[in-house]
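Reading the structure
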Amino acid sequence: MEEAPEPQWMVVANIVRWRRYGDGGQELRPGTKAYRGGARVFVISTYAGMGNMELTTVGQARNTGHWVTIDTSTRHLHTFRAKLVHTPAVLRRAGKLGTKWHTEELAREWATGLERLAALYRQETYEGVPHPGGCLCHECLTST
């Protein structure tokens, strides 16, 4: 039997409950195609050369509940935080990509920076376009 990997500090985030979609962001969709709104995901890799617009995440799939590894737009994530991860499925997938945050301090720094970028990317995506009536997007839900 395979031995459980060592726990490590990682960046964890949640999927936005609702996201704007379509022409001018006038439609609302729950979560993303792969993840339910509010789902917890583990960030195992970033694309710094692309301004961290996409992150490689591990989480439980929307329909099956199986662990999946996919690239997710940073703007669809919120509440980034550092966490000591013990989940073997996540640690094995992170190990395959060679991900190591090493310390709690480094994971906290990344979480702070990614939170700032996610808010910026959500704002820029539909800049200058009004929100639909009764909007439930992350900005509208957290601004009240």
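Here, the structure is the one placed above.
Overview of the structure. Every chain begins its residue count from 1, and numbering advances along the sequence as written. In view of the model being predicted, local features appear only for residues whose pLDDT reaches at least 70, and side-chain atom pairs are presented and counted only at 80 or more, with totals across whole chains, interfaces and linings using the full set of residues. No hydrogens and no water enter the side-chain calculation; it runs on all heavy atoms of the structure.

**A word on the environment of Val58**
- Residue position: Val58 is located in strand S5 (residues 54–60).
- Each residue gets one of three labels from its accessible area relative to the maximum for its type: buried under 20%, exposed over 50%, partly exposed in between, using a 1.4 Å probe on protein chains only. According to the relative accessible area criterion, Val58 is buried, its value standing at 0%.
- Sequence separation between Val58 and Ala89 is 31 residues; the distance between their C-alpha atoms is 8.9 Å.
- Contacts: residue pairs with any heavy atoms within 4.5 Å of one another. Discounting chain neighbours no more than four positions away, the residues touching Val58 are Tyr35, Val41, Phe42, Ile44, Trp67, Val68, Thr69, Val90 and Arg93. Only DSSP runs of H or I with at least four residues qualify as helices, and only runs of E with at least two residues qualify as strands; both kinds are numbered from the N terminus onward.

**Brief notes about the pattern of salt bridges**
- Between Lys or Arg on one side and Asp or Glu on the other, a salt bridge is scored when a side-chain nitrogen of the former is within 4 Å of a carboxyl oxygen of the latter. Following the criterion strictly, the structure yields two salt bridges and no others.
- Taking the shortest distance from any N to any O, the salt bridge between Arg29 and Glu27 comes out at 3.8 Å.
- By relative accessible area, which is 40% here, Glu27 ends up partly exposed.
- Put simply, Glu104 and Arg108 hold a salt bridge, and the shortest N to O gap is 2.3 Å. Placement of both Glu104 and Arg108 in helix H2 (residues 104–125) is noted, with a separation of four residues, approximately one turn of the helix.

**Describing the layout of surface pockets**
- Roughly 200 Å³ of volume is contained in the largest pocket.
- Broken down by secondary-structure element, the contributors of at least two residues to the lining of the largest pocket are strand S2 (18–21), H2 and helix H3 (138–142).
- All amino acids are sorted into three groups, where Ala, Val, Leu, Ile, Met, Phe, Trp, Tyr, Cys and Pro are nonpolar, Asp, Glu, Lys and Arg are charged, and the leftover types, Gly among them, are polar. Broken down by class, the residue content of the lining of the largest pocket amounts to five nonpolar, five polar and five charged. For cavity detection a 1 Å grid was placed over the protein atoms alone, and a set of points counts as a cavity when a 1.4 Å probe fits there but cannot get out; an open set counts as a pocket when protein lies on both sides within 12 Å along at least five of seven lines, with lining residues being those that have an atom within 4 Å of a point. Grid points are joined across faces, edges and corners, and a volume is the space filled by probe spheres set on the points.

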